[in-house]
Amino acid sequence: MKRYLRPTILIGAGLVGLWVLVALFAPWLAPFDPLKSLSPLALPGTPAPGGGVFWLGADLLGRDILSRMIYGARPVVALSTLATLTAYAVGVTAGLLAGYFSGWIDTALSFLANVILSFPVLVLYIVVIVALGPSPINVVIAVTFASAPAVFRIVRTIAADLKQRDFIAAAVTQGESTWRILFIEILPNATGPLTVDFCLRLGYTTIIIGALGFLGLGLPPPAPDWGGMVNEGRALAFAFPHLVIFPCLAISSLVLGLSLLADGLNEARDGQGRGS
Amino acid sequence: MSAPILEVSGLTIALPPGADRPNAITDINLALGPAEILCIVGESGSGKSVLSSALMGALPRGLTIASGGIALNGTDLTRQTERAWRDIRGRRIAMIPQEPMAALNPSTRVGRQIEEVFEIHGRLTPQERRAEALRLIEEMHLPDPARIAAAYPHQLSGGQCQRICIAMALSLNPDLLIADEPTTALDVTSQAQVLKLICELRDLHGQGVLFITHDLGVVADIADRIAVMEKGRLVEIGAARQILQAPAHPYTQKLIAAVPSFATKSRPRPAVEAGACLQVQGLAKTYGRTQALKPCDLVVERGTTLAVVGESGSGKSTLARLLIRLVEPTSGAAMINGQDLAKLSGAPLRKARRTIQMIFQDPFGSLNPRRSVGDVIARAAALAGADRASARQIAKDLLERVGLSAAAYARRPSAFSGGQRQRVGIARALAMRPDILIADESVSALDVSVQAQVLDLLRELQLELGVTIIFITHDLRVAAGISDQVAVMKRGEIVELCDTATLVNAPAHPYTQALIAAAPGRGVI
Amino acid sequence: MLSFLSRRLGGMALTMFAVSLLVFLVLEVNIDDVAAKVLGQFSTADQRHAWLLQNGYFDPLPLRYARWLWGFVTGHWGVSTYYHADVRDLIAPRLLATGLLMISTLAVMIPIALTLGVLAGMRQGSKLDRGVSILAIVTTSVPEFASAVFLSAIFVFWLGWLPGVSTLAGGVTLNELALPVAVLTLSSAGYIARMTRASMVEVMGSPYVRTALLKGASLSRIIFGHALRNALGAPVTVIMLQIPWLLSGVIVVEVFFAYPGFGTLLYQASINSDIYLIEACAMIGVVAVVVSQLLSDVINTWLNPRLSLALTKAAPPAGASAG
């Protein structure tokens, strides 16, 4: 247990926890209504008409940037997590089946995964979003579609590798049912690398959702969206850097937290010697 | 003895804090003369590898020389700079590694790797280097030196790679040769050839050889003097004959007693009804174009042990996997008490599986690291039909029976040693109350003394439960000690099948004769 | 080697076939949507119906797909609804510009990443090692648009050394390439450095490196003569496999800096629902990925004697036995 208390894990968990809390308690934390136009392009620190201060300034349409950042955490956290979880559900099941059974199941699923993985990620998203239209659900669908093959590959390799181990042979020779072998013998031995990958993938997903917002393909306005905020403020960034710097810091810090967490978990696992 | 080449006095090497003992080796004193082979014998954890690393100035990080001295022909090795070591290594001291194929650079031709020794120590022109390398390869009794020199390591066999490593080690005629378990990774016939080569070269060139091994049979064959190490200390040292025939220290005595020999003793028979438990007819397996197992026939009587002996590639593992139906046979049948597993499927197959169980080779891979050992055994019992409560009880009873305590139930495999894990494996196999137990190289990965204990356990269990055992091994000595009947396999077929006493005393097939001749330590232990 | 290549090419063709089917299905299965996107949102139902009829959209799906695929293979990629120009003419110059950007990025990123990775792996656990790891984690955590913002803030707004946009209006200049290349390098160098480090650490701990040490080899001989050849195999594969990721980053970077490349073209197409342009861009993107995967396989095989010998079916020497 002690080895999990390393600085990388603590800092990472702290950052991630911070943003999760911000997302959960947004209505109580945000000083202003994120959709309300007050004083356009107010600089950070100027007081707002009717009380309160624009701590991080106001954007092009006069909306408080701090509040938009706080509320912006919600779609990012919710969509990333949901998308990654569904990608995992699909990828893990497919990967276990392909890795364990090999044969035509493996060939077919691997081919499908390779086809999807042949798309540069953002190109795939663009195709899907253009076809389905921008909305939160479609973003989740697009992300799941694009991430599941990568998870599939990882699980498949682990399953194929573990299949060679003698304790799986022992289970087979004792007449153990296939489902139990997949989910009780094999899967628990993959939780180590999968936890690390989960954190990393949450990070990638967050970056992609940010990029989609930046390209205008994410949530439709006027919803607060970190990537979208950068896009809106870009033209005026020369004169008003606060429009873009703070959303960038927000997204970078969240992903940094996830990366640190992943790295720390990986190191903690290595130190343990992985159980053999 | 003339002036010693190597003198180690009071050498103590400290481990980093937090290890299971303060020193890797403590107060080691030994001397090695020219043209002499000193064998250092010890099991895992004895510190022999640390000693050899220290002699090369290549201790792993964290280990330091706490006290004592090492003198090589007068040079104090404990006080050398790294630059000085680069001159000493390869020229005055050379090492023969344990895993020859892994010890060679996979992307460089082996001839080049031999030439590199000359390159490093600055002698000879490129043409001379090439000529020397070829000459050395020839001296190793490798045919067609030019073709071997142009090969990559993975194109050669283990034995050939080891000879390349020996050629590299001897190229500059060092004073001291350290051989760190050089034949452990080789099969018996290659091992015999390499040992013969080392002795021959020692006679020719006169270097002192420090031979580290855990195999007392090997020691018996080649040692002039023997040093025994246990837990970092030198417990006994002296002339080979003296130590082997009249060991003084209890640890040495235990080691010698544990060595399997060809002396077959008669064993009591378990009380079971007579009859064949296993009948194999024409069983064969082909993978693509390779015939891993040619059609074979076997009959094993209930309550007896059949040993299947062969080197790697002989087909013995294929046979085991066919019997337990991990792979499907291409042809033939194997009847266990009249029932052929290969003809069943679904629920009847699941039920029939309990009649034959396997104990696997790798103590580290044969247990699920995430489950407690008790659960694993209980699950096996449950699959054989027991309900939850009785399954737990069966598991606890079996843990006791194999020599572990019932309190071990909740512990995970990582808490146990290799020998203890094999016992858990035996308990798991027995939980289904099988008629046949297959032990697939189950003791090969264990230290000699632990190996003897596990073999004793198997004998006891056979006597008590009347289980039939099929024992797969590459070591003919182990096979002779435990079996009633032996099948010798080569390249996928059974070349000899007879009772153990006949096999050991009057082997018929030339291959069996060669195996027996190659087995180290015969006649001395 | 030839049979290996032909097998891989066959696999590639099959993949492209499946990809084309996927792209076609996703974008053109709903014909009302297609008509709306091509004719604009102000078109009437009658107009759309007439257009669909005229362009063969009421034919069965397999026929439409076959026609579309044939058109694609023969170079007829349709007309862009936004630019009102032939898609093929639009794409070509943009591809060139993006190609230039990618190659410049690789030329800068690969030496930096490999050197850092090798140095970190050589001195495992040292401050340099920790530093490289942390630097890698930080740079890969910052999305491309965010690092573009940060770098612009420093070099464009504060120091004023570099231009804020890279439209290449006056031809290709180093100034305009600098920031896009820097952003792309930052986003991928970290990962490659870490993979190189891991490979280096593994090789430095291998038995054959120990053998070299025990032969008396110096550190430089060990690194250059033994370690690098075996350690660089994995990073090379990783670099080739990073190309799909780079292509994604390229889109964001081009849009940010208004660089006239393939990415901005796709971006324009996406916000204008320019179907045919999107289809063509998607297919080209996939071709780039698939080709880079093939290249990665070829390079890997060339570097690893075990694989290349197996492929050219060199028979093992007669003396080799299983023992």
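Computed from a prediction, not measured in an experiment: that's the story for all the values here.

About the thresholds
- Residues numbered from 1 in each chain as written.
- Chains lettered and ligands numbered in written order.
- Predicted model: local features only at pLDDT ≥ 70, side-chain atom pairs only at ≥ 80, totals over all residues.
- Helix = DSSP H or I, 4+ residues; strand = E, 2+ residues; numbered from the N terminus.
- Buried ≥ 20, exposed ≤ 12 C-beta atoms within 10 Å, placed from the backbone.
- Rg over C-alpha atoms; globule rule 2.2 N^0.38 Å.
- Contact = placed C-beta atoms within 7 Å.
- Nonpolar A, V, L, I, M, F, W, Y, C, P; charged D, E, K, R; others polar.
- Core = buried A, V, L, I, M, F, W, Y, C linked by C-beta atoms within 7 Å.
- Domains from an automatic or database assignment.
- Pairing = 2+ DSSP bridges.
- Axes fitted to C-alpha atoms, helices over the stretch in contact; angles between N-to-C directions.
- Parallel < 35°, antiparallel > 145°, perpendicular 65-115°, else oblique.
- Left-handed = near helix turned anticlockwise from the far one by under 90°.
- Arc of directions from axis to C-beta.
- pLDDT = per-residue confidence, 0-100.

Engineer: Teacher, can you tell me more about the overall build of chain A here?
Structural biologist: Summing up its helical and strand segments, chain A has eleven helices and zero strands in all. Along chain A, helices and strands appear, N-terminal first, in the series α-α-α-α-α-α-α-α-α-α-α. Over its C-alpha atoms, taken along the principal directions, chain A stretches across nearly 75 × 50 × 30 Å. Across the 276 residues of chain A, 53% fall into the buried class.

Engineer: Would you take a moment to explain the overall build of chain C for this structure?
Structural biologist: A count of helical and extended segments in chain C gives 14 helices and zero strands. Starting at the N terminus and ending at the C terminus, chain C contains elements arranged as α-α-α-α-α-α-α-α-α-α-α-α-α-α. Compactness check: chain C gives a C-alpha radius of gyration of 25 Å against a globular reference of 20 Å for 323 residues, more than 25% above the reference. The dimensions of chain C, computed from C-alpha atoms along their principal axes, are 85 × 65 × 30 Å. For chain C, the residues scored as buried account for 38% of the 323 residues in total. Across chain C, every contact between residues at least 6 apart in sequence was considered, and the portion connecting residues at least 24 apart equals 73%.

Engineer: Would you take a moment to explain the interface of chain B and chain A for this structure?
Structural biologist: Many authors give the size of an interface as the accessible area that is lost as the parts come together. Taken together, the contact pairs 20 residues of chain B with 15 residues of chain A. Among the elements of the structure, β16 (356-359) and α13 (373-383) of chain B are those that each provide at least two residues to the side of chain B that touches chain A. Classifying every residue of the side of chain B that touches chain A gives ten nonpolar, five polar and five charged.

Engineer: I would appreciate a short explanation of the nonpolar core in the present structure.
Structural biologist: Nonpolar side chains tend to gather and get buried jointly when the protein is soluble and globular. Ranked by size, the top nonpolar core spans 333 residues in total, and within it Tyr125 and Val127 of chain A, Ala431 and Ile438 of chain B together with Ile278 of chain C carry the most contacts. If one sorts the elements of this core by residue count, helix α3 (residues 65-101) of chain A sits on top with 16 residues. Here this core spans two domains, since at least three of its residues come from each of domain 1 (2-73) and domain 2 (88-272) of chain C. Setting aside anything within four residues of it in sequence, one finds Val127 of chain A in contact with Val23, Val26, Leu27, Ile278 and Ala282 of chain C.

Engineer: Looking at this structure, how should I read the interface of chain A and chain C?
Structural biologist: On the chain C side, the residues contacting the 35 residues of chain A number 38 residues. With ten residues, the single largest contributor to the side of chain A that touches chain C is helix α11 (residues 242-272) of chain A. A per-class count over the side of chain A that touches chain C returns 26 nonpolar, eight polar and one charged.

Engineer: How should the sheet that holds strand β13 (residues 305-309) of chain B be read in this particular structure?
Structural biologist: Think of a sheet as strands paired side by side through backbone hydrogen bonds, with each pair either parallel or antiparallel. Residue and element names in this part refer to chain B. With mixed pairing, the six strands of this open sheet are ordered in space as β16-β17-β18-β13-β19-β20. The open sheet has two edge strands with one neighbour each: β16 and β20 (493-499). Sheet twist, expressed as the mean angle between neighbouring strand axes with direction ignored, is 20°. Bridging between strand β17 (residues 436-440) and strand β18 (residues 468-473) involves five bridges; their strand directions are parallel. Residue pairing in the sheet places Ile438 in a bridge with Ile470 of β18. With respect to the sheet, helix α11 (residues 316-323) is in contact with β13, β16, β17, β18 and β19 (485-490), its orientation differing from that of β17 by roughly 150°.

Engineer: I would appreciate a short explanation of the domain arrangement of chain C in the present structure.
Structural biologist: Here the domain parsing of chain C yields domain 1 (2-73) and domain 2 (88-272). Using C-alpha coordinates to define each centre, domain 1 of chain C is positioned 36 Å away from domain 2 of chain C.

Engineer: I tried to follow the environment of Ala282 of chain C on my own but got confused; where do I start?
Structural biologist: Relative to the helices and strands, Ala282 of chain C is located in helix α13 (residues 275-303). Sequence separation of Ala282 of chain C and Glu254 of chain C is 28 residues, and the distance between their C-alpha atoms is 17 Å. In this structure Ala282 of chain C touches Val123 and Val127 of chain A together with Val23 of chain C, once residues within four positions along its chain are discounted.

Engineer: Please explain the sheet that holds strand β10 (residues 233-239) of chain B as it appears in this structure.
Structural biologist: Residue and element names in this part refer to chain B. Pairing in this open sheet of six strands is mixed, and the strands run β6-β7-β8-β3-β9-β10 from one edge to the other. A strand with exactly one partner marks an edge of an open sheet, and here the two such strands are β6 (93-96) and β10. Across the sheet, the mean angle from the axis of one strand to that of its neighbour is 20°, orientation sign disregarded. Pairing analysis gives four bridges linking strand β3 (residues 37-41) to strand β9 (residues 225-230), with the strands arranged parallel. Bridged to Ile40 within β9 is Ala227.

Engineer: Before we go on, may I ask you to explain the packing of α13 of chain B against helix α14 (residues 388-401) of chain B in this structure?
Structural biologist: The description of two packed helices rests on the angle between their axes and on the distance between the axes. Residues and elements named next belong to chain B. The N-to-C vectors of α13 and α14 enclose an angle of 125°; their axes lie 8 Å apart at closest approach. Comparing their axes, α14 and α13 come out oblique. In this structure, the crossing between α13 and α14 has a hand that is right-handed. Here Gly374, Ile377, Ala378, Ala381 and Ala382 of α13 come into contact with α14, specifically with Arg388, Ala391, Arg392, Ile394, Ala395, Leu398 and Leu399. Of the residues in the contact of α13 with α14, the class split is nine nonpolar, one polar and two charged.

Engineer: Where do I start with helix α2 (residues 31-39) of chain C in this structure?
Structural biologist: Residues spaced three or four apart along an α-helix face the same direction, because each turn holds 3.6 residues. Residues and elements named next belong to chain C. Taken residue by residue, α2 has Val34, Ala35 and Lys37 as its buried positions. An end-on view of α2 places all buried positions within 165° of arc, on one side of the element. Check the buried side of α2 and you find it contacts α1 (2-28), α3 (45-54) and α13. Within two residues after α2, Gly40 carries a phi angle of roughly 95°, on the positive side.

Engineer: I'm lost on the environment of Thr46 of chain A in this one. Help?
Structural biologist: Counting through the fold element by element, Thr46 of chain A comes out in the loop between α2 (26-29) and α3. In this structure, the C-alpha to C-alpha distance between Thr46 of chain A and Ala235 of chain A, residues 189 residues apart in sequence, is 22 Å.

Engineer: Which parts of the structure should I look at to understand unusual backbone geometry?
Structural biologist: With a phi angle near 50°, Ser102 of chain A is a residue other than glycine that sits in the positive phi range. Residue position: Ser102 of chain A is located in the loop between α3 and α4 (103-117).

Engineer: Would you take a moment to explain the packing of helix α5 (residues 121-132) of chain A against helix α6 (residues 136-163) of chain A for this structure?
Structural biologist: Residue and element names in this part refer to chain A. Relative to each other, α5 and α6 sit at 145°, their axes nearing to 10 Å. Two packed elements cross with a definite hand, and for α5 against α6 that hand is right-handed. In contact with Val121, Leu124, Tyr125, Val128, Ile129 and Leu132 of α5, α6 contributes Asn138, Ile141, Ala142, Phe145 and Ala146. Partitioned by chemical class, the residues of the contact of α5 with α6 number ten nonpolar, one polar and no charged.

Engineer: Is there a simple way to explain the confidence of the model for chain C in this structure?
Structural biologist: Low pLDDT marks stretches whose predicted atomic positions should not be read closely. Residues and elements named next belong to chain C. Summary statistics for chain C give a mean pLDDT of 84 and a share of 94% for residues scoring 70 or more. Of all helices and strands in chain C, the one with the weakest mean pLDDT is helix α14 (residues 305-311) (63), whereas helix α9 (residues 207-214) scores best (92). Low confidence marks residues 313-323, where pLDDT is under 50. Its contacts with residues over four positions away, or in another chain, come to 22 contacts. In the model output, the complex is listed with pTM 0.83 alongside ipTM 0.85.

Engineer: In this structure, what is going on with the confidence of the model for chain A? I would like to understand it.
Structural biologist: Within chain A, residue pLDDT values average 87, and 97% of them lie at 70 or more. The least confident element of chain A, judged by mean pLDDT, is α5 of chain A at 86; the most confident is helix α1 (residues 7-24) of chain A at 93.

Engineer: Quick question: what am I supposed to make of the environment of Pro207 of chain C here?
Structural biologist: All names here are of chain C. Structurally, Pro207 can be placed in helix α9. The exposure class assigned to Pro207 is partly exposed, which follows from the 16 C-beta atoms found within 10 Å. With 23 residues separating them in the primary sequence, Pro207 and Leu184 have C-alpha atoms 37 Å apart.

Engineer: Where do I start with the pairing of strand β1 (residues 6-14) of chain B in this structure?
Structural biologist: For a regular strand, side chains alternate in direction, first toward one face of the sheet and then toward the other. All names here are of chain B. As defined by bridge partners, β1 adjoins strand β4 (residues 64-72) across seven bridges and the pair is classed as antiparallel. Bridge pairing links Glu7 to Ala71 in β4. Pairing geometry for β1 and strand β2 (residues 23-32), over six bridges, is antiparallel. Opposite Ile13, over in β2, you have Ile25 as the bridge partner.

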